[in-house]
Amino acid sequence: MAYSPMTARSREEDHRAATPLELFFDLCFVVAIAQAGQRLVHALAEGHPGTGVIGYFFVFFGVWWAWMNFTWFASAYDCDDVPYRVATLVQIAGVLVYAAGVSRAFDQNDWTVAVIGYLIMRVALTAQWLRAAAGETGGARKAALTYAAGLVLCQAAWVGLLFAPDDAKRWLFLIVAAAELLVPLVAERHHQTPWHPHHIVERYGLFTIIVLGETIAASTVAVKSAIDEHEALGELLPIAGGGLLIVFAAWWIYFAVPMHERLSTNRQAIPWGYGHLLIFAWGAAIGAGIEVAVEHAVGKAHISQLAANAAVTVPSALFLLTVWLLHSRHFKRGPAQQLTLPLSAVAILACTWAGTYAVLYAGLVAAATVAVGLALSTRPRR
């Protein structure tokens, strides 16, 4: 439609699924995720894990929060007319600008390009919330206007951050990030926007696939480059095989539970939605870790074997632990099911000390976790 009134969608809508525009929006985040992962690989391979992990989480927060802002709004107010599509395409342009600024933000603490990207996104999203407010009354209108005001204030703070001293930028970043996280809590304090539980769970699942797909793509490129340059097939096969098992298991475990059955209120949805920052970040970091392990195997990474192994095992273990904490434990019954993922995370961490076969062993543990989970879930109840 060329134009239709923007009104709230029903939370009870049947067969609510992601639209082609939402899928396109997600796909454009691949660029930003890849940029963040590449910078993390470089930092870890050069032996700077502290600054690398900190920088990675700062830039990944920007990726995740931009996606969150769009996703929850679209779940409540997607009217799919021409103005809505144009506003979404403008947000996509902002995402691409943000991605172009990731390396400068990571390496030089220069957020100018990244903030410009956010400014582009925020202009479009603020217009969307104002349009939603125009079609609402009462508490729904107040919530939409609060969202719009929060976006403007937070974006002004990001612009102001550009003029702060370099040594204070990252501390101030944390303050502004906390303010961003408070906006939905304040806006929806008295009125819950009509996001659709099944739609939200599907959207998060799709972004998880994007993250894990980027991990496979980055790992494949790293292995191919290493084979082309060094012909070290014997050293790379255990890393490639173990990495593939880890990613396959991560996918299987994440999608093993019907999370939409549990999400009904903001009290349940907001911790789950916010916690996915860690799930997404750990998932993407697995790919970066595999790249580091490949570089170490061919002598390009200036770190120890233990550090190279940890680059894979630590994010893999944290991914499983976070998925269990936020996602899976609500559907587990009995101690055996509840302990499967935490114990698997510990076992994967223990693989760090397994020398050159650490990634392969970690992959076998991850595969065994899936097998044990299936056996326990199909076991007859007594």
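Scroll up for the structure.
Residues numbered from 1 in each chain as written. Predicted model: local features only at pLDDT ≥ 70, side-chain atom pairs only at ≥ 80, totals over all residues. Heavy atoms only, no water.

### So, the overall build of the protein
(1) Moving on: Counting secondary structure elements, the protein contains 14 helices and zero strands.
(2) Moving on: The helix and strand sequence of the protein, counted from the amino end, reads α-α-α-α-α-α-α-α-α-α-α-α-α-α.
(3) Moving on: What you see for the protein is a C-alpha radius of gyration of 22 Å, in line with the 21 Å of a compact globule of 382 residues.
(4) Moving on: Overall size of the protein, expressed as C-alpha extent along the three principal axes, is 65 × 60 × 35 Å.
(5) Moving on: Across the 382 residues in the protein, those meeting the buried criterion constitute 52%. (Helix = DSSP H or I, 4+ residues; strand = E, 2+ residues; numbered from the N terminus. Rg over C-alpha atoms; globule rule 2.2 N^0.38 Å. Buried < 20%, exposed > 50% of the residue type's maximum accessible area, 1.4 Å probe, protein only.)

### Brief notes about the environment of K169
(1) Moving on: Here K169 lies in helix α8 (residues 166-187).
(2) Moving on: For K169, a relative accessible area of 8% gives the class buried.
(3) Moving on: Apart from the residues within four sequence positions on either side, K169 is in contact with N109, L161, L162 and A164. (Contact = heavy atoms within 4.5 Å.)

### Some words on helix α11 (residues 266-297)
(1) Moving on: With 32 residues, α11 ought to run about 46 Å at 1.5 Å a step, and its terminal C-alpha atoms sit 46 Å apart, in line with that.
(2) Moving on: A bend of about 25° at G275 is the largest found in α11.
(3) Moving on: Counting buried positions along α11 yields 26 of 32 residues, so the element is predominantly enclosed.
(4) Moving on: Count one or two residues on from α11 and you reach G299, which has phi positive near 80°. (Expected span 1.5 Å × (residues − 1). Bend = angle between axes of the 7 residues up to and from the residue.)

### So, the packing of aromatic side chains
(1) Moving on: If you walk through the whole model with that rule in mind, you get 32 aromatic pairs.
(2) Moving on: For the ring pair Y77 and W129, a centre distance of 5.8 Å and an interplane angle of 75° mean the geometry is edge-to-face. Taken together, the residues span a long stretch of sequence, with Y77 in helix α3 (residues 49-77) and W129 in helix α6 (residues 112-134) at a distance of 52 residues. Each member of the pair, Y77 together with W129, is buried. (Phe/Tyr/Trp six-rings, centres within 6.5 Å; stacked < 30°, edge-to-face > 60°.)

### Thoughts on the pattern of salt bridges
(1) Moving on: Here the structure, examined in full by the defined rule, presents nine salt bridges.
(2) Moving on: Between D81 and R131 there is a salt bridge, and its shortest N-O distance comes to 2.4 Å. Here D81 is found in the loop between α3 and α4 (82-100), whereas its partner R131 is found in helix α6, with 50 residues between them in sequence.
(3) Moving on: Residue class for R131 comes out buried when judged on its relative accessible area of 16%.
(4) Moving on: Among the ionic pairs, R122 bridges to E180, the shortest N-O distance being 2.8 Å. Of the two residues, R122 sits in helix α6 while E180 sits in helix α8, which places them 58 residues apart along the sequence.
(5) Moving on: Residue classification places R122 among the buried positions, given a relative accessible area of 4%. (Salt bridge = Lys/Arg side-chain N within 4 Å of Asp/Glu carboxyl O.)

### Details of the side chain of Q337
(1) Moving on: Within the secondary structure, Q337 is located in helix α13 (residues 334-350).
(2) Moving on: With relative accessibility at 16%, the residue Q337 sits in the buried group.
(3) Moving on: Of the polar contacts made by the side chain of Q337, one reaches the backbone oxygen of L376; its length is 3.4 Å. (Polar contact = N/O pair within 3.5 Å; in protein donor to acceptor, adjacent residues only side chain to side chain.)

### As for the environment of W67
(1) Moving on: Mapped onto the elements of the fold, W67 is located in helix α3.
(2) Moving on: For the pair W67 and Y204, spaced 137 residues apart in the sequence, the C-alpha separation amounts to 9.9 Å.
(3) Moving on: Setting aside anything within four residues of it in sequence, one finds W67 in contact with F25, D26, F29, R203, Y204, F207 and F280.

### Regarding the side chain of N266
(1) Moving on: Relative to the assigned elements, N266 resides in helix α11.
(2) Moving on: Among all residues touching N266, those that are not within four sequence positions of it are E188, Q192, W195 and P271.

### Focus: the state of the cysteines
(1) Moving on: Summed over all chains, the structure comprises zero disulfides.
(2) Moving on: With no disulfide partner, C79 has as its closest neighbouring cysteine sulfur the one in C28, 20 Å distant. (Disulfide = S-S within 2.5 Å.)

### Looking at unusual backbone geometry
(1) Moving on: Although it is not a glycine, D80 adopts a positive phi angle of roughly 55°.
(2) Moving on: Structurally, D80 is set in the loop between α3 and α4.
(3) Moving on: Here the phi dihedral of N109 falls at roughly 55°; this positive angle occurs in a residue that is not glycine.
(4) Moving on: Mapped onto the elements of the fold, N109 is located in the loop between α5 (102-108) and α6.

### A word on the packing of α3 against α4
(1) Moving on: At a closest axis distance of 11 Å, the pairing of α3 and α4 adopts a crossing angle of 175°. With respect to α4, the axis of α3 lies roughly antiparallel. Contacts between α3 and α4 involve F58, V59, G62, V63, F70, F73, A74 and Y77 from the first element and Y84, T88, Q91 and Y98 from the second.
(2) Moving on: Along the lines of polarity and charge, the residues of the contact of α3 with α4 split into nine nonpolar, three polar and no charged. (Axes fitted to C-alpha atoms, helices over the stretch in contact; angles between N-to-C directions. Parallel < 35°, antiparallel > 145°, perpendicular 65-115°, else oblique. Nonpolar A, V, L, I, M, F, W, Y, C, P; charged D, E, K, R; others polar.)

### Regarding the packing of helix α7 (residues 138-161) against α8
(1) Moving on: Contact pair α7 / α8: the axes reach a minimum separation of 9 Å and the direction vectors enclose 175°. With respect to each other, α7 and α8 are oriented roughly antiparallel. In this structure, α7 uses A143, T146, Y147, G150, C154, A157, W158 and L161 to contact α8, whose residues at the interface are K169, L172, F173, V176, A177, A179, E180, V183, P184, V186 and A187.
(2) Moving on: Taken together, the residues that form the contact of α7 with α8 break down as 15 nonpolar, two polar and two charged.

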